[in-house]
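Inside the fold
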Amino acid sequence: MAYDSEILIVGGGLNGPALALALADAGLSVTVIDRLDTATLIERDFDGRGYALALSSMRLLSAIGVWTAVAQKAEPILEVKVTDGRVGEAPSPFMLEFDHSEIEEGPMGYMLEDRHLRRAFLAAMDAHANITQINDTVVDQEIDEFGARVILASGKVLSARVLTGCDGRSSGTAERAGIKRTGWGYEQTALVCAIAHEKPHHGVAHQYFMPSGPLAILPLPGNRASIVWTESAANAARIQALADEDYLAVLRPRFGTFLGDISLAGQRFTYPLALTLAYAFVAPRLALVGDAAHGMHPIAGQGLNAGLKDVAALAQVLVDAMRRGEDFGRIDVLERYQSWRRFDTASLALATDAFNRLFSNDNPILRLGRDLGMGLVNAVPGLRRGAIREAAGLSGELPRLLTGRPV
Amino acid sequence: MQATDTTVDPSEIAKFEAMASEWWDPNGKFKPLHMLNPCRLDYITSQIAAEFGRDLAAPEPFKGLRLLDIGCGGGLLSEPMARLGATVVGADAAAGNLPVARIHAEKSGLEIDYRHTAAEDLAAAGEQFDVVLNMEVIEHVADPQGFMNACQQLLKPGGLLLCSTINRNPKSFMMAIVGAEMIMRWLPRGTHEWNKFITPDELYTLIETAGLTPVDRKGFVFNPIAWSWSISARDLNVNYVTASIKAD
């Protein structure tokens, strides 16, 4: 059987290109299909969105040749401070401090703006001989024992050994394959924006746990920071509707004065928070990656990092199978990816969920309990190092790409 | 072509014919072989790559190598070897396996020469190969030494023989017969006869008597917690594999 390409990737966002590059580097022919054309994808000016890349994610980007293009634009996160807070109150005395000097690997991670990462991915895919990019919409898919085919809106049909869905939390690839999902909303919305501030941030990321939800202040290059600010859905809608100056007036008492005066430095976005988990990450000839498999509450900034872990694990499973001569689209091969990633992502999704429920609460007993808990984590170096390594993506059995080695 | 050899046991062939259509179902009767396959392939590919100086990260690393898969069954090893570029002859004494193997290879886009024949017939016809795979077969033949002698004749000078089988001791009886056949029902009852199992020392004697030089042996170990197989340098108590070469 001849295939149009060995791998079909539906979704050209971030996980799709990362997977395409990893597999193409190993010699596989890859076709990436996205509804948006590349011009639309790169036209966007700075829109205030950024990613907190774990160290392991940075290593993956290095291994697939994307990091050098963005390294100068990434801001190292040297320290993370986690505090329990209330609007207008001094931070609670127990504070978690994670300092990169406690792990040997360098910075704990990097803040990188969406626009830089997207452009770097697109440029790398353009330059890769094994990657074909197609601007079209998938309208149907067919799977049999030996391959998968997608039917595009243009009428074109493309076949491959494996179809991968990198098409987000409402994945059409999963739906067409009959893979059901479970999940729930939180009645919470993340307000996202970039701000400029007077004083330097010194590479410190802050996470305040407020009764309404967490507020993250993440350092960007220069005197700028990316804000991820969670409120109840109703509050968020009201805040988002405010004029810029009034929006800042609501943010200021939550933010505090430690960075001096603040102003908006980009567009304002909102994202409703919801957890979604596919019942299966794989089916014969099909694998789901990133939010298509598991979308989680973004409080720990682990969404993209978890997606890139999927990319690294799936690429390694497929390439190892190819190098031992296996037909790598068979379900017994794809199940190796699922068993590697499913427990990890389900437990991370549920842990972030529990974390959020514990912290989005004004109950004084819960407040005392978590303040003591934070003090305890802080007082015991081993616990703190464990938490840092987890946040930096350095725990668990790591795929080769996450250690910076080629797949 | 009919098998006219003396080492094939007719009652063994009938057993496998009954199972032929199940070969490619990852959750069917051959599930244990499918589970063991990545581990077997890791051993086979690394031994071939080392012996013939091939880079497994390169496309079609086994191009130019002529390989014989004895007891090919449904083609669980023949197909991966063909995919890696080898010119493959798959031989099986059970005629029912061959249509299954042929149809599956064709649908997979692979060219494999499947033959209903036995090692002795191929040797008598003067066929020679760079690599002979003799995996999970020797415990099923009537005359292991005659079979091993045929394998030796089938190798070109400098050729590589990979042979795996099951050890004979109380642990292998528990694992392969009580565990895999009786409790897990992984294999049909009667797939294995414990008294036909061969210890590593006995296998080395068979190999050396045939005029080959053993160069490596490893165990295939099942981990019930990880529910998967791995290669062990020390534990040859149940499933194990050997590599031998024919002098130039």
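Calculation notes
Residue indices follow the written sequence of each chain, beginning from 1 at its first position. Both sets of labels track the order of writing: A upward for chains, 1 upward for ligands. pLDDT decides what is reported in this predicted model: residues at 70 or higher carry local features, side-chain atom pairs at 80 or more are listed and counted, and totals for whole chains, interfaces and linings draw on all residues regardless. Numbering of helices and strands runs from the N terminus; a helix is a DSSP stretch of H or I covering at least four residues, while a strand is a stretch of E covering at least two. Three exposure classes are used, based on other C-beta atoms lying within 10 Å of a residue's own C-beta, which is placed from the backbone: buried for 20 or more, exposed for 12 or fewer, and partly exposed in between. For the purpose of contact definition, each residue receives a C-beta atom placed from its backbone, and two residues are in contact when these atoms lie within 7 Å. Only buried Ala, Val, Leu, Ile, Met, Phe, Trp, Tyr and Cys residues enter a nonpolar core, and they are joined through C-beta atoms within 7 Å. By this definition, two strands are paired if DSSP reports at least two bridges between them. Here the axes come from fitting lines to C-alpha atoms, over the contacting stretch only for helices, and the angles between their N-to-C directions go from 0 to 180 degrees. Helix span is expected to be 1.5 Å times the residue number reduced by one.

**Observations regarding the overall build of chain B**
When its secondary structure is counted, chain B shows eight helices and eight strands. A buried classification covers 48% of the 248 residues belonging to chain B. Counting contacts in chain B only where the partners sit at least 6 residues apart, residues at least 24 apart contribute 70% of the total.

**Things to note about the nonpolar core**
Leu19(A) and Ala315(A) are the most contacted members of the largest nonpolar core, which totals 108 residues. Among the elements that take part in this core, helix 9 (residues 303-323) of chain A stands out by supplying twelve residues, more than any other. Excluding anything up to four places from it in sequence, Ala315(A) contacts Leu19(A), Ala22(A), Leu23(A), Leu401(A) and Val407(A). Judged by nonpolar contacts, the second largest core, of 65 residues, contains Leu84(B), Ala119(B), Leu133(B) and Met148(B).

**With respect to the environment of Leu117(A)**
Residues and elements named next belong to chain A. Here Leu117 is to be found in helix 5 (residues 114-127). The class for Leu117 is buried, based on 24 C-beta atoms found within 10 Å. The spatial distance from the C-alpha of Leu117 to the C-alpha of Arg224 is 18 Å, given a sequence separation of 107 residues. Leaving out residues up to four positions away in the same chain, Leu117 has contacts with Leu14, Tyr51, Val70 and Leu112.

**Overview of the sheet that holds strand 8 (residues 239-245) of chain B**
Residue and element names in this part refer to chain B. The strand order across the open sheet formed by eight strands is 3-2-1-4-5-8-6-7, and the pairing between neighbours is mixed. Two strands bound the open sheet, and with one partner strand each, they are strand 3 (113-116) and strand 7 (228-232). Between one strand axis and the next, the sheet turns through 20 degrees on average, direction left out of account. Taken together, the seven bridges between strand 6 (residues 213-223) and strand 8 define a ladder with antiparallel strand orientation. The residue of strand 8 that forms the bridge with Thr213 is Ile245.

**Digging into the sheet that holds strand 11 (residues 157-160) of chain A**
Residue and element names in this part refer to chain A. Across the sheet, which stays open at both edges, the three strands sit in the order 9-10-11 with antiparallel pairing between neighbours. Across the chains shown, the open sheet's two edge strands, defined by having one partner strand only, are strand 9 (138-144) and strand 11. Pairwise comparison of adjacent strand axes, ignoring direction, gives a mean angle of 20 degrees for this sheet. Looking at chain direction, strand 9 and strand 10 (residues 147-152) are connected through six bridges and run antiparallel. Counterpart to Gln141 in the pairing with strand 10 is Val150.

**Observations concerning helix 8 (residues 244-255) of chain A**
Taking 1.5 Å per residue as the helical rise, helix 8 of chain A with its twelve residues ought to reach 16 Å, and the 16 Å between its terminal C-alpha atoms agrees with that figure. Gly256(A) sits one or two positions beyond helix 8 of chain A and adopts a positive phi of about 90 degrees.

**Some details on the pairing of strand 17 (residues 262-278) of chain A**
All names here are of chain A. Summarising the sheet, strand 13 (residues 181-197) and strand 17 pair through 13 bridges and their orientation is antiparallel. Bridging across to strand 17, Leu191 finds its partner in Thr270. With two bridges connecting them, strand 17 and strand 20 (residues 294-295) associate as antiparallel partners. Residue pairing for strand 20: Thr276 is matched across the bridge by Gly295.

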